[in-house]
Each structure stands twice: as structure tokens, then as C-alpha cells.
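Summary of the model geometry
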Amino acid sequence: MSAQQQGNGADQAWDTGAGSMGHYDRFKVVNKNERRVDALKLALGKGTYTDDITLPGMLHVKMLWSPHAHARIKAIDTSEAERVPGVVAIYHCFNVKPIRYTTAGQGHPEPSPYDAMIFDPKVRFVGDRVACVAAEDERAAAIAVKKIKVDYEVLPAVFDTREAIAPGAPVIHDEPDCTGIAGFDPKRNIAAAMEVGHGDTDAAFAKADLVLEHWYSVPYQQHCALEPHVAIAWLDEDDRLVLRCATQVPFHSRRILARILEIPVQRIRVIKPRIGGGFGGKQEVLLDDIPALVTLRTRRPARFCYTRQEEFSSARTRHPQRLRWKTGVKKDGTLVAQELEVLANTGAYGAHALTVQGCTAGKTLPLYRADAYKFIMTTAYTNLPVGGAFRGYGGPQGFFAMEAHMDEVADLLGLDPAEFRSKNILRPGDENPLAKALGEGKEGPPQKIRSCGVQECIDRGAKAIGWERRLSFKNDGPIKRGMGMTCLMHGSGIPGVDMAAAFLKLNDDGSFNLLVGATDIGTGSDTILAQIAAEQLSVPLSKIQIYSSDTDITPFDKGAYASSTTYISGTAVQKAAAGVCEQLKRAAAEMWRHAGDPTGCELDQLSCEDQHVVRPDGKKLSYSEICLSTFYEHDQHQIMHYGSHMSFECPPPFSAHFAEVEVDTETGGVKLLRYVAAVDCGVAIHPESCEGQTEGGATTMMGYALTEDYIFDGNGRLLNDTFRDYKQFTSLDVPDFQTILVRTYEPSGPFGAKSVSEIPTDGPGPTIANAIAQALGIRFRKLPITPEEIRKAWLEKAARTSRQPAEARV
């Protein structure tokens, strides 16, 4: 039986959903707060990151970025730059072969347009690549970059998505070799478009007692990982290209580099060391090609590392969107129709242009049951920084619009927002009506909800924050208090697409080596995968030595994105461990037979318990004894197994978020007082890590709700490209935070687990907006909700109130 065909071992006999709660007591390693496998070395400063090495003769690379939002490069003069002492090489569009590709680190074939090149003769935003300098040190490279002379033909630029898709707009991608995906129409500046639905929305809206429709708007957001993008390349002793890179997708990076550098995959090795934060930004194959190109041309090691300003202007961002939400509902609060239209800004290039916006609908619309749904999407090119993968992947944009809208509907009907949601929320056994229509660039497999704790999330979250208090706030003075809530769902991997593999072998002391392609980007996935292996093998976590993310040594994994590592990679690990257990039993049975003691040696009678294979009569052999026998005595072989896993299921985690705020009407300032996030992620493999993911993801998005945005001048130049001017939330801003892990059991996941990493990013935008709306009686439909916007809206409300007759105000 192949690893792909194997089941999940011991968990096949477990109940589903809430009925499996009693089985939590059986876990020995899983669902425990084990010490992280990398904790000690990181605490001692021994965890090596990409930029922690220096190689003899290493060149340093600096990039010349476009000062124009839209221009054609007519000529480049590098003569003066070449005379700078220490300069070794300069590359640009006139000496590097033009090969179209996408920087999106997605599975092959990528559902993103091939609209980028290493160096393009046309620049499309301020911060686009023009030329790079490789020199003996960074200072020489930086000096030389400033001496490169470029003759630009400046072209008209467009910065607004509505203007970009209007007739007569400047065409951003007019090159004939640019190829695309669903709805791709570069002549109209459309990177992707789709219209899908379920049921008859016209008929459903016609029978509604109330139809509400509003537009919402969400901004740019930067990932702000502490470690910038960085890569180091060199040639090994076999003249193979080795790339040490801060990446979430080492195998995708290798495949894409092989294509654009025109060398075989087998001549490339990509190594992912420790990562100082990714959040989706390092899913992009963003700078890997540059040091690789320099190394292949010069045959010397090369390093390229972004500055913080380059991260802001030239890396990737969360897609800004305008969203139109339309809802039809009966008087009793029953939803009958939902319609979502999205106009998204992908910036100058279309990486993730289709799939992020697809997830804006796919993660939101199915959360509430209705008779009919419609989704209309257009992703526009503009001459602004480029959108890409970002934790949440379209969910935060969609949930802001939907959950603000749900509050508005509940308010018009005079219903409690929590009760209104409970009435319409998805339930166990329901099918996702849009799963097939919103696949990864193709039709997706159907989805049925097999585990769902969302109602318990609502109930426990409401109790924790004191939801009933919201109607008793006095709000007589300038400080107004409010409370808001939201419901959320996300996904676990990309069904029918994502695949991961793992390899496990036994050592003669009873320990195991676990090799995985999965990419730990600071999330603790190395620990979680080792826990899954240890649980299946019935050994302590200390017996598992895990090695991850080296394309030469570890098996394939699609990478760290789409909330897939625990669910997809974890199941591959569980399969590999289950296979090793079977081999241990067979080897033990052989040892007993050889010793003349065959009683009770049938495989179905043997079990793996506490580092031993155990017979029904209590006799046992340790894993160490078994390994020594298979190495040196009987039926000599290596006990080892692999597991591969791809799932057609995508079990959603569920969550309910609650926030309590104070708003100062005299300054517009918002103070977050309390935040509660109740989350159903199935079995939490490492509960403290799940809590950390929830708190970290939500904190990131508190800034999205209140402070973060890109500010441009009239020529498309980013003005707030430093941490001084780009206002993130810090530890001083974070409120009292409570995470509640709601116990469910997902039968398709490893030991009942689902994902947890992205769903917390979906909540703070709408939750905080709903709390502010309750405090002020003013609805904000645009993020971020800044003090200036609040003060302006409050003064406008006061002016309207003062103009009303006294009896109307009463």
C-alpha cells in the first residue's frame, strides 16, 4: 500500500466533531505544551538565520529602483558606475535575457499572470527594478547605483482602480508576451476577473423583506517582518547553484529559478534556514533570482538584502479593495441572498491577483446560510506597489465588509448582533455552496462541514467579554464606550492542490530522524510536526530529530501558506509514522519467532506503546532492540517510511471575536480595552502556539483597523516608508487579550487538527469597527478608522443633530 493510499493510522476509529471530546485524554504528546524543538538554540542565539553567515569572496548587491511610476527605459549608461572601486558587475534589461514569469510562489501551473521579468525595459511603479550592481562591499555597490544614468520615456500613470479600468486609461502591460489567467485583459488593465454564483440571486432578493447594500474600502498593509527579504547564493564543489534564502516556498523557488535562469532543477539547491517572520510576504519569489544571477555570471558568492524602505516600496503588500455588499433578509432575520462585488488593486504586477480576491469571497460568503449567492470580482493593474500574499489572503478584506454589513442588517431589524449571526451561521453537515466555483484557478472539489464549533465560540466569547453589558453603557460624557463582535471562518490548505511529504527513519538508540519539506517561518511547525510523529510512534518528543526545508535532502512540500502545514504536512508525517509503526511490529514479530516464542505475534495483536512493541501477554521489545536486530541480526534492513498527503477536503476553522473600546469624541482617539478571540481549530496540537498565533494575528490587524495605510504623493511615491511614519500597533497598544480554544475534532486532520494561523487576522477590522459604531452611533465603512476620520464624523453628526427640531431629537 502506498503512502498516499494509507489512512491516518490510529485516528480512524475516533468519533467526529464534538463527540470526540473524551479522546483528548488519550493524547501523550499532541495537545500538550511541549518545549519547542528550537527553543534553546534560539534563546542562546544559536539559531542561524539567512544573513548570519559570510562567505569568502562574497559580493554584495544593491538595486537601482525606478523613480517613475510608469516609464520606458530607452538607454542605460553604466560607464561611470563601473569605474567605482570594487564594482564587479552591473546587470539590467539590456544584458539579461527577457523571460516572462510570475513572482507568486504558487504550485505549478501558477494561477497568476506571467507579467514579470528579472529586468524589464518598462518600469511600472516607483520602486520597480531598473538595474543591480554587484560589488566587493555594500558601500561600493550603493555608490555605483547612484552613478547609473538612465534615459526614461516617462509615460502617463494611473493610481485609481476605477480610472485604471475605464476606457482610455494608460495601458500598464502592453507587452505582447504577457500571458494571464481567468478574465485576464491587459488592454483594459485587468489582471483577473470572475463572476460566479449559486442559486438565483434575483429571485432571492425579490422575496426579501429588507435589502441592504453598501460599499466598503480597505487599505494597503505591509507585512513588517523583522527580518527583511534576503538571499545568499554560491556554487558548491560540484558547480551547483546553492541558494540560502529567507523564503516560505523553497521548492517553488527552485522551480521558478530553473525556468528564468535556464538551468536544470537538478543544478539548484535551495536551503531555508531560520526565518524571522514571513506572514505571506516570503511566499513571493521576490529577490531569489538576483544573487543567483550574479553568482552564475561571476562564479562568486553573492548576497542581496532589502533595506526597510525597500520592504515598504518594492516588496509586496495586502491588496487594497473596494467591496460592495448586498444582503437580502426576511423580517425574522433569516438571510435569503448575499451578493459581493470586489474591485481590487494588484498594483503593477498581478501575482495572486485572482486567488487572493477569490478567497475574499470563498472565506466569507459561505459562513452564513442563504438561498443564493453571487460574487463579482475585478482585479485592476495600477502604477502603485504590488499586492501579494499576506496572512489572511483576502479574508481580512472580505470579513471587514461582511461583518460590518451584518451588524448594519441586525441593527435595522432590531436584533442582537450575536443572535442574528447564530440564526444564520453555518452548521455541521452543511455544504459549502461556493467551494466548486471558487477553486484555485479552476473548479474546486465540493466541501462538507464535518466539524464546527462556531456556536460555542459565540457563546463562550460573549460570556468572557460580558456581552450583555453593551446595552448598559451610559456614554454621557465625551468618552464613549462600545462593544462589537464578528464571526469568522477560514480554510486548511488548498483542496485538490496542496501536497506535502515526510520521511522518517529509526536509529539504533530508538530515536527517529524526521525529514520534512515543510517550512517553519517562526510559527513552530517543526515542533508541531515532531509532536505528531511522536504521538503516532508513542515516544517522547525528545526522540524526534526533525530537519526541514532543504530541496536536496528533504521531500517535497508546497511551502508555508494557505494555513496548510498542520493539516497537510502534519497528515503526511502521521502517515510516515504509521508506516514505521507497522514495520516495527513486523520486525518484533520476526524476532519473537526466531527466538521460538511466536505466541501473540499476529500484527493485529501487537501495539506500539511507550517506545516498545507490546504483545497481549505483556512481553515487549524496545525500539532500540528492534533496530539493532534489523541492522545486524535478523532480516537486516532499515526501518523507514515516507508519507505523502493531498486532501480534497479543506476543513474550516471557526472563530468569534469580541472587542470593547473607548472613543474620545474630543480627539478621535480609540482605546482598545479588551479583546476576546474564541477559536475552533480542531485539536490544538500545541495549545500555547495556537494561542500565540491567535494573539499575534489579531494584533497585526488591530493596526489595519485603526492606523495602517500607505500614503502617496501625486506621482505615486510612497511617503511613509519607515517604522517612524508607518503606524503599526506595538506592545503598548495591545489591550487585555483572552484566547479561548474551543475543542472539536476534525476527522480528516492529523489527530483531529485544523488550521489556526490565518483566521485571527480576519477579525479585528470588523470587530473594532462594530465596537466604534456602537459607541458613537456612526458607521465607518473605510479602514483605517483614524482619529481624524472619527473627529470629522463626530462633528458632522453634532451639526446634523443641532439642525434637527427639538421634537425630532427627542
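Note that the coordinates shown come from a computational prediction; the quantities given were computed from them, not determined experimentally.

A few words on the confidence of the model for the protein. With 97% of its residues at a pLDDT of at least 70, the protein reaches an overall mean of 95. pLDDT under 50 marks residues 1–19. Its contacts with residues more than four places away, or in other chains, come to 42 contacts.

The topology assignment puts Lys97 in the loop between β3 (87–92) and β4 (122–123). For Lys97, a relative accessible area of 49% corresponds to the partly exposed category. When the C-alpha atoms of Lys97 and Arg139 are compared, they prove to be 28 Å apart, with 42 residues separating the residues in sequence. Polar side-chain contacts of Lys97 include one of 2.8 Å to the side chain of Glu262.

One pass over the full model with this rule turns up 18 aromatic pairs. Note on Phe312 and Phe723: the rings are 5.9 Å apart at their centroids and 80° apart in plane angle, and the pair reads as edge-to-face. In this pair, Phe312 is assigned in helix α8 (residues 308–314) and Phe723 in the loop between α16 (687–706) and β29 (736–741), connecting sequence segments 411 residues apart. Taking relative accessible area as the criterion, Phe723 reaches 36% and is therefore assigned partly exposed. With centroids separated by 5.9 Å and ring planes inclined at 70°, the aromatic side chains of Tyr710 and Phe712 adopt a geometry described as edge-to-face. Taking the ring centre of Phe390 as reference, the NZ or CZ of Arg318 above it sits at 3.9 Å. Here the guanidinium or amino end of Lys326 rests over the ring plane of Phe205, the centre of that ring lying 4.4 Å away.

This part is about the pairing of strand β13 (residues 302–305). By the alternation rule, side chains of β13 split into Ala302 and Phe304 and Arg303 and Cys305, which are all buried. Of the strand pairs in this sheet, strand β1 (residues 59–65) and β13 are connected by three bridges, and their pairing is parallel. Across the sheet, Val61 pairs through a bridge with Phe304, a residue of β13. Strand direction decides the pairing type here: strand β10 (residues 230–235) and β13, joined by four bridges, are antiparallel. Following the sheet pairing, Ile232 is matched in β13 by Arg303.

Formed by 98 residues in total, the largest nonpolar core has its most connected members in Leu367, Phe375, Ile768 and Ile772. Broken down by element, the residue count for this core peaks at eight residues, all from helix α10 (residues 395–413). Non-local contacts of Phe375, meaning those with residues more than four positions away in its chain, are made with Met194, Glu195, Val196, Leu340, Val342, Gln357, Gly358, Ala361, Leu365 and Leu438. Val87, Ile118, Ala231 and Ile268 belong to the second-largest nonpolar core, a separate cluster that totals 63 residues.

Here three strands make up an open sheet; going across it, the order is β4-β2-β6 and the pairing antiparallel. Whereas interior strands pair on both sides, the edge strands pair on one side only; in this sheet they are β4 and β6 (149–154). The pairing of strand β2 (residues 71–77) with β4 spans two bridges and is classified as antiparallel. Bridge pairing in β4 links Ala71 to Val123.

Right, let's talk about the packing of helix α14 (residues 565–594) against helix α15 (residues 623–632) for a bit. It is the contact of α14 with α15, at a shortest axis distance of 10 Å, that shows an interaxial angle of 75°. Taken together, the axes of α14 and α15 lie roughly perpendicular to each other. Along the contact surface, α14 presents Leu584, Ala587, Ala588 and Met591, while α15 presents Tyr623, Glu625, Ile626, Ser629 and Thr630. Of the residues assigned to the contact of α14 with α15, the class counts are six nonpolar, two polar and one charged.

Moving on to the domain arrangement of the protein. Considered domain by domain, the protein is made up of domain 1 (50–155 + 229–305), domain 2 (317–494 + 649–803) and domain 3 (499–646). Computed from C-alpha atoms alone, the centre-to-centre distance between domain 1 and domain 3 is 40 Å. At the junction of the two partners, domain 1 supplies 22 residues and domain 3 supplies 20 residues. Summed over both partners, the interface of domain 1 with domain 3 buries about 1500 Å², with 49% contributed by carbon and sulfur atoms. Sorting the residues of domain 1 by area buried against domain 3 places Gln248, Phe251 and Lys272 first, and these three jointly supply 40% of that buried surface. On the surface where domain 1 and domain 3 come into contact, there are five salt bridges.

What counts and how
Residues numbered from 1 in each chain as written. Predicted model: local features only at pLDDT ≥ 70, side-chain atom pairs only at ≥ 80, totals over all residues. Heavy atoms only, no water. pLDDT = per-residue confidence, 0-100. Contact = heavy atoms within 4.5 Å. Helix = DSSP H or I, 4+ residues; strand = E, 2+ residues; numbered from the N terminus. Buried < 20%, exposed > 50% of the residue type's maximum accessible area, 1.4 Å probe, protein only. Polar contact = N/O pair within 3.5 Å; in protein donor to acceptor, adjacent residues only side chain to side chain. Phe/Tyr/Trp six-rings, centres within 6.5 Å; stacked < 30°, edge-to-face > 60°. Lys NZ or Arg CZ within 6 Å of the ring centre and 35° of its normal. Pairing = 2+ DSSP bridges. Core = buried A, V, L, I, M, F, W, Y, C linked by side-chain atoms within 4.5 Å. Axes fitted to C-alpha atoms, helices over the stretch in contact; angles between N-to-C directions. Parallel < 35°, antiparallel > 145°, perpendicular 65-115°, else oblique. Nonpolar A, V, L, I, M, F, W, Y, C, P; charged D, E, K, R; others polar. Domains from an automatic or database assignment. Buried area = accessible area lost by both parts, 1.4 Å probe. Salt bridge = Lys/Arg side-chain N within 4 Å of Asp/Glu carboxyl O.

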